[in-house]
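Chain and residue survey
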Amino acid sequence: MPKDFLDLEATPERLHALADAGILSPDAYGRALHLAVASPARPAWRAFLSTTLMALGSLLVLAGVVYFFAFNWAELGRFSKLGLVSLGIAGAAVGAWRLGERPAGQFSLLAAAVLVGPLLAVYGQAYQTGADPYELFIGWGVLILPWVALARFTPLWMLQLVLVNTGVILFWGQRMGRFGSNEEALALVLGLLNGFAWATYEHFANRKVSWLQGRWMPRVLSLMALMPLVGLGVLFIVSRYDRSLVVGVSLPLVIGGLVAIYALHRHLHGELFLLTVGAVCVITLVTTAVGYFLMEVTHAEELTLFILPLVLIGEVGLAVYWLRHESQATGVSEET
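As the structure is a prediction and not an experimental result, all values here were calculated from the model.

This part is about helix H6 (residues 133-151). Along its 19 residues, H6 runs 27 Å from first to last C-alpha, staying within 8% of the 27 Å computed at 1.5 Å per residue. At Ile144, H6 is deflected by roughly 50 degrees, the largest bend along its length, and proline Pro146 occurs up to four residues later in sequence. The elements touched by buried residues of H6 are helix H5 (103-127) and helix H7 (154-174). Arg152, located one to two residues past H6, shows a positive phi value of around 55 degrees.

Here you go:
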């Protein structure tokens, strides 16, 4: 089902189209245009600054906790270390419980989830458990999973995904190397994992889940999914002897991701950030292919230095023209 037009942002382009169609009178068009481009009201600025400063303050406090233990590690006993971190987790968890779903409560829960990692690290160092680094991140993710599932807070879900990615990377380097698995297979796994997370987010956002309506997280997820796949695509193009199935399957996956981006853009009536990401992916692959053809097939090394910049300039120009055409077709401002 297409997105309800009443849910779309009132951009100047859309208002101009309504005025041209006779739906808005000149007075109504002027009033609507004034409201569309007006600066946010004072309460909106206050809420934005409060949330932003709260997030920055939480990050600084968490960084301070980590540096406190790093600086005073030799002077503190094992019980002091474990007790201080546990006290911080308990205090943050109680604060999240008392503050509820307000931003302060959500950031308190995020702080409690982040402090679980230092607690596991302190325990492992104090008692020399011999655990591998990937076990720390996997255990960290498992312990905070109930909080993540119940919080309905996208930064907490992003923390969980980062822990999963880190655990997979460390596990691959420490365990899978003995079975002959290489970095190309790891990149494919990360691309599929983050792509699944991206598709899941978009599915539930389309189901009108209220706390999944923000667009920052799917944009980050798209980068996390496409970057390793595009890297594999570049490797497939430039490699002479390592064009294996693992590397080659990345190109169909990238094409599938680009098709999904365009379909999502049309469904949302404007998602220029993802379109720009897709255009950058295409430019990267095409430029690599042209450079490989000139360098390895025609052996025109000197001519490549002249042709490749022209190709890149032409690709960027076409991408800008196409993005502007799409912004006009969907009625979304180019700053979106």
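Enumeration over the complete set of coordinates arrives at 5 aromatic pairs. Each ring, one from Tyr134 and one from Phe171, has its centre 5.2 Å from the other, and the planes form 75 degrees; the classification is edge-to-face. Here Phe171 lies in helix H7 and Tyr134 lies in helix H6, a separation of 37 residues in the sequence. For Tyr134, a relative accessible area of 9% puts it in the buried group. On the basis of relative accessibility, which here comes to 30%, the residue Phe171 falls in the partly exposed class. Seen from their ring centres, Tyr262 and Trp322 are 6.2 Å apart, and the 20 degrees between their planes marks the pair as stacked. Here Tyr262 is found in helix H11 (residues 250-268), whereas its partner Trp322 is found in helix H13 (residues 301-330), with 60 residues between them in sequence.

Counting residues in each nonpolar core, the largest one holds 28 residues, and the members touching the most others are Trp198, Tyr201, Leu221 and Ile261. Elements with a contribution of two residues or more to this core: H7, helix H8 (183-206), helix H9 (216-238), H11 and helix H12 (272-297). If you tally residues by element for this core, the top one is H9, at 9 residues. With sequence-adjacent residues up to four places away left out, Trp198 is seen in contact with Pro218, Leu221, Ser222, Ala225, Gly257, Ile261 and Leu274. Residues Leu76, Val85, Trp140 and Leu156 belong to the second largest nonpolar core, which totals 26 residues.

Looking now at the pattern of salt bridges. Under the definition given, this model contains 5 salt bridges. Across the pair Glu101 and Arg152 runs a salt bridge whose closest N-O atoms are separated by 2.2 Å. In this pair, Glu101 is assigned in the loop between helix H4 (78-99) and H5 and Arg152 in the loop between H6 and H7, connecting sequence segments 51 residues apart. Residue Glu101 is classed as exposed on the basis of its relative accessible area, which comes to 55%. Residues Arg215 and Glu271 are paired through a salt bridge, measuring 2.9 Å at the closest nitrogen-oxygen approach. Placement of Arg215 in the loop between H8 and H9 and of Glu271 in the loop between H11 and H12 is noted, with a sequence separation of 56 residues between them. For Glu271, a relative accessible area of 2% translates into the label buried. Residues joined in a network through salt bridges with shared partners are Glu202, Arg215, Arg219 and Glu271.

Here the focus is the layout of surface pockets. By volume, the second largest pocket amounts to about 440 Å³. Together, 16 residues line the second largest pocket, and Trp157, Ala197, Thr200, Tyr201 and Met217 are the ones closest to its centre. Secondary-structure elements contributing two or more residues to the lining of the second largest pocket are H7, H8 and H9. For the lining of the second largest pocket, the leading source of residues is H8, giving 6 residues.

Rules behind the numbers
- Residues numbered from 1 in each chain as written.
- Predicted model: local features only at pLDDT ≥ 70, side-chain atom pairs only at ≥ 80, totals over all residues.
- Heavy atoms only, no water.
- Helix = DSSP H or I, 4+ residues; strand = E, 2+ residues; numbered from the N terminus.
- Expected span 1.5 Å × (residues − 1).
- Bend = angle between axes of the 7 residues up to and from the residue.
- Contact = heavy atoms within 4.5 Å.
- Phe/Tyr/Trp six-rings, centres within 6.5 Å; stacked < 30°, edge-to-face > 60°.
- Buried < 20%, exposed > 50% of the residue type's maximum accessible area, 1.4 Å probe, protein only.
- Core = buried A, V, L, I, M, F, W, Y, C linked by side-chain atoms within 4.5 Å.
- Salt bridge = Lys/Arg side-chain N within 4 Å of Asp/Glu carboxyl O.
- 1 Å grid on protein atoms, 1.4 Å probe; cavity = no way out; pocket = protein on both sides within 12 Å on 5 of 7 lines; lining within 4 Å.
- Points joined across faces, edges and corners; volume = space filled by probe spheres on them.

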